[in-house]
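# Commentary on secondary and tertiary structure
One letter stands for each residue in the lines below.
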Amino acid sequence: NFCQFSLNSVLATAKVTPAVNYYLTHVGMGLDPRGLRSFGEAKGIRTFAYGALGEPGPNKELLQNPIVNKIAKEHGVSPEAVAVRWILQSGAAVSVRPTVEFGLGSAACLPKTEENKNKQTRSKCDQGLAERAASFQWELTTAEMSELSGLTSPNDNPTLFSSAGCPDAFGPKDYMKYIQSLGS
């Protein structure tokens, strides 16, 4: 989760170039958020995206976007599937959340244990994982990729959870604001 400044710091002393840079990427941020993808890939560092649905929680603006929803309807999939497919089809790897029930420090999907016997939640998580995996079984058209790539909102910070040396990094004050917003 490195910004350009942090990547340059690592590259200045690294004996081995990092293989991937894991950072926030989703529809609305463009194919090259803040130039980070082109910067890394010019140095042989591939993009591994997280936050396809938003971070630190699901982004309603993204998931309710009329263009995302129109494309989802045309393909018979969810807006979440469109968001994941857009990242995959752009050539990046992506980690996914099985449901939209998550936030900073919380998630609906828990490991199968004796204590966690909530079959309804497990079923929802299993269904979500199956849907995310199905993102490899269909494609967006060139026009749909262009339309999604052209969206400029929500335009989040790709290195939200990076070091303090990165612009607009998520810090202790931001965490407290986020926690307070959960109560309202």
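Further up the page is the structure itself.
In what follows, the accompanying structure is described. (Residues numbered from 1 in each chain as written. Predicted model: local features only at pLDDT ≥ 70, side-chain atom pairs only at ≥ 80, totals over all residues. Heavy atoms only, no water.)

What follows deals with the overall build of the chain. A count of helical and extended segments in the chain gives eight helices and five strands. Across the chain, helices and strands are ordered from the amino to the carboxyl terminus as α-β-α-β-α-α-α-β-β-β-α-α-α. Considering the chain as a whole, with its 184 residues, one finds that 43% of them fall into the buried category. In the chain, the share of contacts with a sequence separation of at least 24, taken over all contacts with a separation of at least 6, comes to 75%. Summed over its atoms, the accessible surface of the chain is roughly 10,100 Å², and 56% of this surface lies on carbon and sulfur atoms. (Helix = DSSP H or I, 4+ residues; strand = E, 2+ residues; numbered from the N terminus. Buried < 20%, exposed > 50% of the residue type's maximum accessible area, 1.4 Å probe, protein only. Contact = heavy atoms within 4.5 Å. Areas by Shrake-Rupley, 256 points an atom, 1.4 Å probe, with all protein chains shown as cover.)

Whenever strands of a sheet pair, they do so through backbone hydrogen bonds, lying parallel or antiparallel. The three strands lie next to each other as β1-β2-β3, forming an open sheet whose pairing is parallel. Of all the strands in the sheet, just β1 (20-24) and β3 (93-94) have a single pairing partner and so form its edges. Pairing of β1 with strand β2 (residues 46-50) involves five bridges; the strand directions are parallel. In the strand pairing of β2, Y22 is matched with F48. (Pairing = 2+ DSSP bridges.)

Moving on, we get to the packing of helix α4 (residues 66-75) against helix α7 (residues 142-149). Running from N to C, α4 and α7 cross one another at 155°; their axes reach a closest spacing of 10 Å. On the basis of their axis angle, the class for α4 and α7 is roughly antiparallel. Relative to α7, the crossing made by α4 is left-handed. Listed contacts from α7 to I67, V68, K70, I71, E74 and H75 of α4 are E144, E147 and L148. (Axes fitted to C-alpha atoms, helices over the stretch in contact; angles between N-to-C directions. Parallel < 35°, antiparallel > 145°, perpendicular 65-115°, else oblique. Left-handed = near helix turned anticlockwise from the far one by under 90°.)

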